[in-house]
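Chain by chain, the residues run as shown.
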Amino acid sequence: MDITAIKTEPYNDQTLGTSGLRKRISVIKQKNYIENFVQSLFDCLEDFEGKTLVIGGDGRCYNDQAIQIILKIAVANQFGRIIIGQNGILSTPASSHVIVKYEAIGGIILSASHNPGGPDGDFGIKFDNEHGAPAPQELTAKISARTRTIDRFWTTDMPDVDLSTIGEQIFGNTVIQVISSVDDYVEYMQEIFDFAKIKKLFDNGMTFIYDAMNAVTGPYAVRIFEDILGAEKGSVIHETPLPDFGGLHPEPNLTYAKHLVDLMYTENAPDFAAASDGDGDRYMILAPSFFLNPSDSLAILSQYLDTIPFYQGKLSGVARSMPTSFAVDGVAKSRNIPLYQTPTGWKFFGNLLTAGKIALCGEESFGAGSFHLQEKDGIWAVLAWLSILAETGKTVEQLTRELWQKQGRVFAMLQSYEGLATEDACTLMARLNAQIPNLPGTQVLGETITEAFNFAYTDPVTDEQTQNQGICILFGSDKRIVFRLSGTGSCGATLRVYLNKRTTDSDHFNDCPIDALATLAEISRIISDLKKLTGRQMPTAIT
Ligand code: G16
């Protein structure tokens, strides 16, 4: 087997976003595109020769071909062992767990997460470090810089590797080990949760549906919910991972999982419904005629997580990303535990988790996780909720209404304006930013702006500073609008507008969020001059 250095030209668009590199498949397929990126990544790692690397992916189109390219580069770069999920499949949380369990130096995860799949869809490459945490800011900046100067990569003439059979194969100095995609993760969940207790919910007749959206979680969900916990066969739907997700957009929210939402608002609704995204790190939970807002979910998890024996006495603190609603803040205060507010991006939770400052974290974008592993974890979130239902004997709706009763309901909504011209979106944000000093005191549609700022973050562990993480406009302490540009899109720009409003008037707890937040939504369009600058009047997705 020959190892050769191949000359290459850098691409200037390989900067990492909120969660790794995300591009259209047509972009990824360009000559040496993956090779450049992966070699740039390896060039930024230290002392990896002879060490273990994990590779996994969500099985989307081009996963299989990309893996073969990456394997050759990794072998040429002299990794000692490469652990890879059978057929190249590992969910993001399973990859994170495998990295730590097998003491790998890190792992490459091939996924564009919730972005659309199919031959014309998106592809992504992200790197998790030795803690199984998304590459921290410092490393992503280094990799991005390296992609702009790279002039060679290493590869080999080895044949494609058979990834369908569990076992070991040797290529040069590297052992390639194909492992079960699900076993390690499922065993870990059984260590964390009392499966016998959860099983009683099903034994007592709880009806359940889990929508794997034809993405990576199907095999994990069938094993856990149907085979082990005893949910009725067929409870897991869209359970076969398909390269094009069977035409579904694997983003579990009110827009893209509408079929599930519609079912939950009929007479045939099961007692509990959940869905996950492309790579299994996001979750959505619904109850009959009831949607559990992810920000409320984080608040309730903060209240009850330590009723689960694995977490008893371990709730050191909790974190939310800044655009996540302030519902959790009240719980943290009443429980007297610290609350941290980070920029959007799971990578910002990593240092807090590693340092033990927090036990739990979550985001409005349907992500939650704990110190059990350093990625967000969709199936874990569902198991945590089922455990809490089993511990408390209450329903999702009862627990949520208790939260509202105690501290008011925080209506939370994300309005996304997708597919904007990048220039228009940047102009809008720049103008809004320039207006910040003049906004306090201004009245719009009868609401007075009390504070406006561009969110900046100082990492409490490393003191690293991160600026420009979203423009926050406050109307007293109970109403807020946040503007930021998405960092996970593959072309053009997506403007994210987050709307939050707390009401303590229980007569309004059942208001429709769209109505409750209508004035704030209109204000967001007025102060950003949205129509004039982008030509848009209404969001393309509401979640
Ligand atoms: C990623 C990040 C999350 C973030 C989400 C949306 O999730 O890990 O922290 O909240 O993207 O980010 P943006 O608003 O920049 O599009 P995932 O599930 O796509 O990896």
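Calculation notes
- Residues numbered from 1 in each chain as written.
- Predicted model: local features only at pLDDT ≥ 70, side-chain atom pairs only at ≥ 80, totals over all residues.
- Heavy atoms only, no water.
- Phe/Tyr/Trp six-rings, centres within 6.5 Å; stacked < 30°, edge-to-face > 60°.
- Buried < 20%, exposed > 50% of the residue type's maximum accessible area, 1.4 Å probe, protein only.
- 1 Å grid on protein atoms, 1.4 Å probe; cavity = no way out; pocket = protein on both sides within 12 Å on 5 of 7 lines; lining within 4 Å.
- Points joined across faces, edges and corners; volume = space filled by probe spheres on them.
- Helix = DSSP H or I, 4+ residues; strand = E, 2+ residues; numbered from the N terminus.
- Axes fitted to C-alpha atoms, helices over the stretch in contact; angles between N-to-C directions.
- Parallel < 35°, antiparallel > 145°, perpendicular 65-115°, else oblique.
- Left-handed = near helix turned anticlockwise from the far one by under 90°.
- Contact = heavy atoms within 4.5 Å.
- Nonpolar A, V, L, I, M, F, W, Y, C, P; charged D, E, K, R; others polar.
- Pairing = 2+ DSSP bridges.

Undergrad: Looking at this structure, I do not really get the packing of aromatic side chains. What am I missing?
TA: The geometry of two aromatic rings is summed up by the distance between their centres and the angle between their planes. What the rule picks out here adds up to 20 aromatic pairs. Summarising the aromatic geometry, the rings of Phe 310 and Tyr 311 are spaced 5.0 Å apart at their centres and angled 75° between planes, so their arrangement reads as edge-to-face. You can call Phe 310 partly exposed: its relative accessible area is 22%. Three or more aromatic residues joined by ring pairs form one cluster here, namely Phe 193, Phe 310, Tyr 311, Phe 371 and Trp 380.

Undergrad: Sorry if this is basic, but what is going on with the layout of surface pockets here?
TA: The gaps left among the atoms become clear once a water-sized probe is rolled over them. The space that makes up the largest pocket amounts to roughly 900 Å³. Residue lining of the largest pocket: 38 residues in total, with Gly 17, Thr 18, Leu 485, Ser 486 and Gly 487 positioned closest to the centre. Broken down by secondary-structure element, the contributors of at least two residues to the lining of the largest pocket are β2 (21-24), α5 (137-147), α15 (422-435), β26 (479-485) and β27 (493-503). Per-element accounting of the lining of the largest pocket gives the leading share, five residues, to α15.

Undergrad: Looking at this structure, I do not really get the packing of helix α2 (residues 33-43) against helix α3 (residues 63-76). What am I missing?
TA: For any two helices packed against each other, one specifies the inter-axial angle together with the distance between the axes. Their axes nearest at 10 Å, the elements α2 and α3 cross at an angle of 40°. The angle between α2 and α3 falls in the class oblique. Regarding α2 and α3, the two cross each other, and that crossing is right-handed. The residues of α3 that touch α2, namely those facing Ile 34, Glu 35, Val 38, Gln 39 and Phe 42, are Ala 66, Ile 69, Ile 70, Ile 73 and Ala 74. In terms of residue class, the contact of α2 with α3 is built from eight nonpolar, one polar and one charged.

Undergrad: Would you mind showing me how to read the pairing of strand β25 (residues 471-475) here?
TA: For a regular strand, side chains alternate in direction, first toward one face of the sheet and then toward the other. Most of β25 sits out of view: five of its five residues are buried. Side-chain alternation along β25 places Ile 471, Ile 473 and Phe 475 on one buried face and Cys 472 and Leu 474 on a second face that is also buried. Relative to β25, strand β22 (residues 451-454) is paired through four bridges, and the arrangement is antiparallel. Bridge pairing in β25 links Glu 451 to Leu 474. Here five bridges tie β25 to β26, and the two strands are oriented antiparallel to one another. Along β26, the bridge assignment pairs Ile 473 with Ile 481.

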